[in-house]
Amino acid sequence: MGASRSHDAAQSGPVEALRRTLAWAAGAPWPHGSESGPVEPEALVAALHAHRLDARFLRRLGEPGAPAVPDAAVRRVRERLDATRERVRRQRELFAELAAACPEERLVMLKGSTLYAHTGDPDSVRFSGDLDIVAAAPERAVRTAAAALDLERTADAAVLDEYAGLLHPELGLIEVHSYFPVPVLPPSVRTGAASPGRNPGAWRHEACIGEHRLTHADLLENLADGIPGVLAPELAVIVYAAHLYGDYLRTMLPLPAGTVRLDEVATVVDLCALPAFRPERFVRLVDRHRAHDVIGFVRALAADVLGLDPFDGVLPPTPDPLFPVDLWWDGVEGFLVDLGWHPWELVVRDRHPDATLGALDPAAVPVAPGAPAVVTAATAAPDTGGRFAHRTEHGTEFAVTATFTDTGTALRVRVDVPTVPDDRFTGVALYFGDNRYEVFHAPAEDGLRLDDYSTSRTAAGTATVGVERTAQQDELTLELPWAALAASRTPDGRRLPLLFAVRQQYLGWGRTAAGLVLPLRLEHS
């Protein structure tokens, strides 16, 4: 069961103009005869950065038939590109310094300036906020690099791919990876296991995301000839495709712009066109590293947005696109759901997150001063909890109660969950669209943490969290300023879409023991 192919570009107006200009910058032909009108300069400057397309955009501006863009906007992009080129130069120097400080680690660079390293073309540079590397022994690499280059360690050791971080005083974060994940979909998604329509009401959810791990040894086997620490184009394509699908997978409600970055799609196209690219080797690597899903994803994006097929004659035709997203953006196993294929929404969003969440049949929750609204979901009584997805190990019971209160200045959310055992932690996620919050409570580690992943930050106050414990349950309370949540409201200001999720997971980012995800629509004005 595949989602039908959807070319969902807006028919006219500023969104369509912006989408088409970004696609053109990434390599698509300019759609002559388009009636979308001129692009809005401020939106274009911001979206070019979101998609990392500055260099590609400026290179194509000199072509016949290029779109008209005000000189002031072009100057801003050019100035930003000059700074990016300097940043890339210094990041490459930093990578060389790290490799020299840790020769036994045989460091490998991921993404970043890979294409530039292959071509030397200054128009192939892209902004990267961090430097991603993989080491033979991550802990040893972190300790050695920190001491040799006087770098600050920013994160404790982890068991996922992002092992630890180092902070450079000027260039920012260096992420040391222990491996690189390639998302792998379960076969059951093709038979409806991720379909909301086939799983109404309380959805016992078993469609989990899998992964194949590209190890340091895998990377070393596929380094480019004569370019230290840089991947050969065949495996670099897989890494970019896996990163693209990972970003998409974890962003169920698309960002305003750049849910997937078109520069990465264009980079895949360029890597496949390099003289050093060997199709037969690439096909073997796709099979060996179970990369069919991620390659299918970037191929569908290239076809539907850029009108290009970088794998034509290399891979057989792919089935209709079916690329589910995860209801929880960082759950290890995930709750996969197929919301259809809307590639242009991933370029520039045209639908409000409330419309996207509507595919899950969210429950209406009225929130008013002096009238707390209570929502309950329990695996032991699935018929009384409304619409939710759930999973527990060994069929154990798991019940969650959420109480929403309008304090006048903030939304207070109290979450009652079973007392978490010492070998686990509780995670609570509130995903409003452009506002995303996540709480982690690990009592055995005396830990309570609130992370704010919101794409739009304001000076309207910050979220707070507290916890109280009894023998039977933990009570987590969050306060979220209404002013901060304004970015996620529907245009009429009356509703807030909310994907509300709770899970209890084994420490060390182990498997999920129990989890519930509820789509809600808070009604508040």
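Residues numbered from 1 in each chain as written. Predicted model: local features only at pLDDT ≥ 70, side-chain atom pairs only at ≥ 80, totals over all residues. Heavy atoms only, no water.

Our focus in this paragraph is the overall build of the protein. A tally of regular secondary structure across the protein gives 13 helices and 22 strands. The globule rule puts the C-alpha radius of gyration for 525 residues at 24 Å, and the 23 Å found for the protein is close to it. For the protein, the spread of C-alpha atoms along the three principal axes comes to 65 × 60 × 45 Å. Evaluated residue by residue, the protein yields a buried proportion of 55% over its 525 residues. Sequence separation of at least 24 residues holds for 70% of the intrachain contacts in the protein that already meet a minimum separation of 6. On the protein, roughly 21,200 Å² of surface is accessible, and the fraction owed to carbon and sulfur atoms is 51%. Taking the average place of the 51 positive charges on the side chains of the protein and the average place of its 71 negative ones, the gap between the two points comes to 2 Å. (Helix = DSSP H or I, 4+ residues; strand = E, 2+ residues; numbered from the N terminus. Rg over C-alpha atoms; globule rule 2.2 N^0.38 Å. Buried < 20%, exposed > 50% of the residue type's maximum accessible area, 1.4 Å probe, protein only. Contact = heavy atoms within 4.5 Å. Areas by Shrake-Rupley, 256 points an atom, 1.4 Å probe, with all protein chains shown as cover. Lys, Arg positive; Asp, Glu negative; His and termini not counted. Charge placed at Lys NZ, Arg CZ, Asp CG, Glu CD.)

Structural remark: α-helix, 3.6 residues per turn; residues separated by three or four positions point the same way. Over its 31 residues, helix H4 (residues 71-101) runs 45 Å from end to end, which matches the ideal 45 Å to within 8%, given 1.5 Å per residue. For H4, the set of buried residues is Ala73, Val74, Val77, Leu81, Thr84, Arg87, Val88, Gln91, Leu94, Phe95 and Leu98. (Expected span 1.5 Å × (residues − 1).)

Leu22, Met252, Ile295 and Phe297 are the most contacted members of the largest nonpolar core, which totals 98 residues. The element that contributes the greatest number of residues to this core is helix H8 (residues 233-249), accounting for 12 residues. Apart from the residues lying within four places of it in its own chain, the contact partners of Leu22 are Leu44, Ala47, Leu48, His51, Leu53, Leu262, Val347 and Val348. Phe398, Leu411, Ala514 and Leu520 belong to the second largest nonpolar core, which has 35 residues in total. (Core = buried A, V, L, I, M, F, W, Y, C linked by side-chain atoms within 4.5 Å.)

A few words now on the layout of surface pockets. Roughly 380 Å³ of internal volume is contained in the second largest pocket. Lining the second largest pocket are 24 residues, and of these His292, Asp293, Gly296, Thr318 and Pro319 sit closest to its centre. Only helix H10 (279-288) and helix H11 (292-306) provide two or more residues apiece to the lining of the second largest pocket. Among the elements that make up the lining of the second largest pocket, the one with the highest residue count is H11 (six residues). For the lining of the second largest pocket, a count of residues per class yields 15 nonpolar, three polar and six charged. (1 Å grid on protein atoms, 1.4 Å probe; cavity = no way out; pocket = protein on both sides within 12 Å on 5 of 7 lines; lining within 4 Å. Points joined across faces, edges and corners; volume = space filled by probe spheres on them. Nonpolar A, V, L, I, M, F, W, Y, C, P; charged D, E, K, R; others polar.)

Below, the discussion takes up the sheet that holds strand S14 (residues 399-406). Backbone-to-backbone hydrogen bonds pair the strands of a sheet. The strands run either parallel or antiparallel. Here five strands make up an open sheet; going across it, the order is S12-S14-S15-S20-S19 and the pairing antiparallel. A single partner strand is all that each edge strand has here, and the edge strands are strand S12 (373-378) and strand S19 (464-469). With direction set aside, neighbouring strand axes in the sheet form an average angle of 15°. Of the pairings in the sheet, the one linking S12 to S14 comprises six bridges and is antiparallel in character. For Val374, the partnering residue across the bridge sits in S14 and is Thr403. (Pairing = 2+ DSSP bridges. Axes fitted to C-alpha atoms, helices over the stretch in contact; angles between N-to-C directions.)

Interpretation note: all reported values are geometric properties and have no functional meaning in isolation.
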